[in-house]
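Here's the letter readout for the chains.
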Amino acid sequence: MVRPITDGFVPWSQEESERYRREGWWAGRSLGDELWDVAARRSEHPALVDGDLRLTYAELTARADAAAGRLLGLGLVPGDRLLVQLPNTWHFVVLSLACLRSGVVPIMALPAHRELELAHLAQLSEARGIAVPSLWRGFDHHGLARKLADSLPDLEHVLVAGGARDGSVDLDELCAAPEVPAPEPASPGGGEIALFLLSGGTTGLPKLISRTHQDYAYNARCSAAASGMSGDTVYLAALPASHNFALACPGVIGTLLCGGTVVMLASPEPSGAFAAIAREHVTHTAVVPAVAQRWMEHREQGADGDLSSLEVLQVGGARIADELAQRVSPLLGCTLQQVFGMAEGLINMTRLDDPPDVICSTQGRPMSPGDEVRLVEVDGRAVGPDQAGLLLTRGPYTPRGYYRADEQNARAFTADGWYRSGDVCRMTPEGNLVVEGRDKDLINRGGEKVSAEAVENLAYQVADVREAAAVAMPDPVLGERVCLFAVLRPHATLDLPSLRARMTEAGVAAYMLPERLELCDELPKTKVGKLDKKALRERAALLAAPGELSLR
Ligand code: OOB
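Engineer: Honestly, the state of the cysteines in this entry has me stumped. Any pointers?
Structural biologist: What is meant by a disulfide is a covalent connection between two cysteines, made through their sulfur atoms. All told, the structure shown has zero disulfides when counted by the stated rule. This cysteine, Cys334, is not joined by any disulfide, and Cys360 carries the nearest cysteine sulfur, 11 Å off. Overall, Cys334 belongs to the buried group, its relative accessible area being 3%. Cys483 supplies the cysteine sulfur nearest to Cys520, a cysteine that is in no disulfide, at a spacing of 8.6 Å.

Engineer: I keep staring at the site of the ligand and nothing clicks. Help me out?
Structural biologist: Around the ligand there are 20 residues in total, and His243, Val339, Asp423, Lys440 and Lys449 lie nearest to it. At 2.9 Å from an oxygen atom of the ligand is found a side-chain nitrogen or oxygen belonging to His243. Between the ligand and the protein, one listed contact pairs an oxygen atom with a side-chain N or O atom of Lys440 at 2.9 Å. Put simply, the parts of the chain that give the shell around the ligand at least two residues each are helix H9 (244–248) and strand E14 (335–342). The element best represented in the shell around the ligand is E14, accounting for four residues. For the shell around the ligand, the class distribution of residues is nine nonpolar, seven polar and four charged.

Engineer: Can you walk me through the sheet that holds strand E23 (residues 465–475) in this structure?
Structural biologist: Within a sheet, neighbouring strands are paired by backbone hydrogen bonds and run either parallel or antiparallel to one another. The strand order E23-E24-E25 describes an open sheet built from three strands, whose pairing is mixed. The two strands at the open ends of the sheet, each matched to only one other strand, are E23 and strand E25 (516–519). Along the sheet, successive strands turn relative to each other by an average axial angle of 25°, direction set aside. Where strand E24 (residues 479–488) and E25 come together, four bridges link them in parallel fashion. Note that in E25 the partner of Phe485 across the bridge is Glu518. In the packing of helix H16 (residues 452–462) onto the sheet, the strands contacted are E23 and E24, and the crossing angle to E23 comes to about 140°.

Engineer: Help me understand the nonpolar core, please; the structure alone is not making it clear to me.
Structural biologist: A general tendency of soluble globular proteins is for nonpolar side chains to be buried together. With 144 residues, the main nonpolar core has Leu71, Leu95 and Leu256 as its most contacted residues. Ranked by residues supplied to this core, first place goes to helix H4 (residues 90–102) with nine residues. Not counting residues within four places of it along the chain, the set of residues in contact with Leu95 comprises Leu71, Leu82, Val84, Leu86, Ala131, Leu171, Leu174 and Cys175. Membership of the second largest hydrophobic core comes to 28 residues, among which are Ala454, Ala459, Met503 and Leu517.

Parameters and conventions
- Residues numbered from 1 in each chain as written.
- Predicted model: local features only at pLDDT ≥ 70, side-chain atom pairs only at ≥ 80, totals over all residues.
- Heavy atoms only, no water.
- Disulfide = S-S within 2.5 Å.
- Buried < 20%, exposed > 50% of the residue type's maximum accessible area, 1.4 Å probe, protein only.
- Near = heavy atom within 4 Å.
- Polar contact = N/O pair within 3.5 Å; in protein donor to acceptor, adjacent residues only side chain to side chain.
- Helix = DSSP H or I, 4+ residues; strand = E, 2+ residues; numbered from the N terminus.
- Nonpolar A, V, L, I, M, F, W, Y, C, P; charged D, E, K, R; others polar.
- Pairing = 2+ DSSP bridges.
- Axes fitted to C-alpha atoms, helices over the stretch in contact; angles between N-to-C directions.
- Contact = heavy atoms within 4.5 Å.
- Core = buried A, V, L, I, M, F, W, Y, C linked by side-chain atoms within 4.5 Å.

Given below as structure tokens:
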């Protein structure tokens, strides 16, 4: 039995699909088939490292095939959805490959997500299982997964890494080496949905982005080529591997498609990351600007650690300041590659042989000749040369709509299928993009995307507020932090710690919590009476930035 996903998936047009196939961008095969071909050629080469555990390609694929069989043995069928919320450990890679191989479709949740987000994702996708660590950074993921399974009838299976109990499935066993080789499962087709990524979007809760086997394989292959990856590549996954950047831009999947080695690391904290780079001779890694800054400070403070193997440091997720970008090469001894990407598709990259001013002061250009990019005014007219405009895009790995989200799709996509990214960009005469700002109601907290609407909804839910508005507050380290302006109801009181405590209690990811609360008598309005967020952003910019950096 197969549970095909046809509802809610917005296909590319016939004409485009034919073109993408003709150009060879879409290979028409499953990601599993592509990866297993590489593995057959590289069987004794190291594929995956996590601490002391080292797996060759032969060992990795044997485990993944066995895990695929065990997933199906639980009663899951191809097309069933599995909510995956795992940190950067070997389980994540084995389970993801098992899903790609068997046709079970993983939903790539972040370790930081909590009850509100996970319940929403499970319901929207009708997930039949959830895979979590037992305990991670002091949080009882197993307990939460059980609670969700008790309340959501579709969610039958709880898979737990690092200590299963109470009838849950032991992920260590599910992902263990088989005693006899497992049979190969039937391959999904290239046009089928391989996985769901999450939008870092503006609407209250994350939206699901369906990525097909062939579009995602192309995403990984094309970005691997632009990052200079090869069979000698050693990639350090230090950002959450479930995020598109570390997963396939080129990330874990791009590295494996090249026959290289993936090193999993739980945190990008500098001393651990430097040690891993030195020990494993890492050649490529990806970080957000705040982490790049921490690494450079660590270096400046005299930290040793042999980084001489490092060839490429990818930085993306948020805009890196030009001054910071200029210091990457001299301090860390590697080439900087700026990556301006999105889970919705389009990936822009500076190229490794670009001149230093392009590398340090632009966010690069589309990685594929199939990418179409337009910069437009609000009314849809193209902007003049060197003018900033709203970035619209279409292409062979940019889906035509969110999954099961007709209403949002009507806003986020044009009638002819262009995705409105909400980014305000300028194009240099050489064709490189510079991200100048944003026309979406989102706060980019060091690469973590916080929906202002979600924070506001939560404030209404947990506190006695009459009006609430979340805006970005500039921050020297994270770029932006969440600032909440609120008007309380008469006689109500509220302070930041209690607001944060109540929001945490409501079950929201920690990065969504406001880091500044400004109580006001009223919120500024525009002439037509709408909330004036621009005025609030200006006010937030004048507030002193608090707190220290958390790299979690
Ligand atoms: C990556 O993906 P998402 O989906 O978490 O966020 C996408 C948004 C972009 O629309 C843009 O607003 C912002 O994040 N962004 C950047 C940027 N990279 C992403 N803004 C300025 N400069 C950059 N370099 O963040 C993502 C996905 C794949 C690869 C890299 C990043």
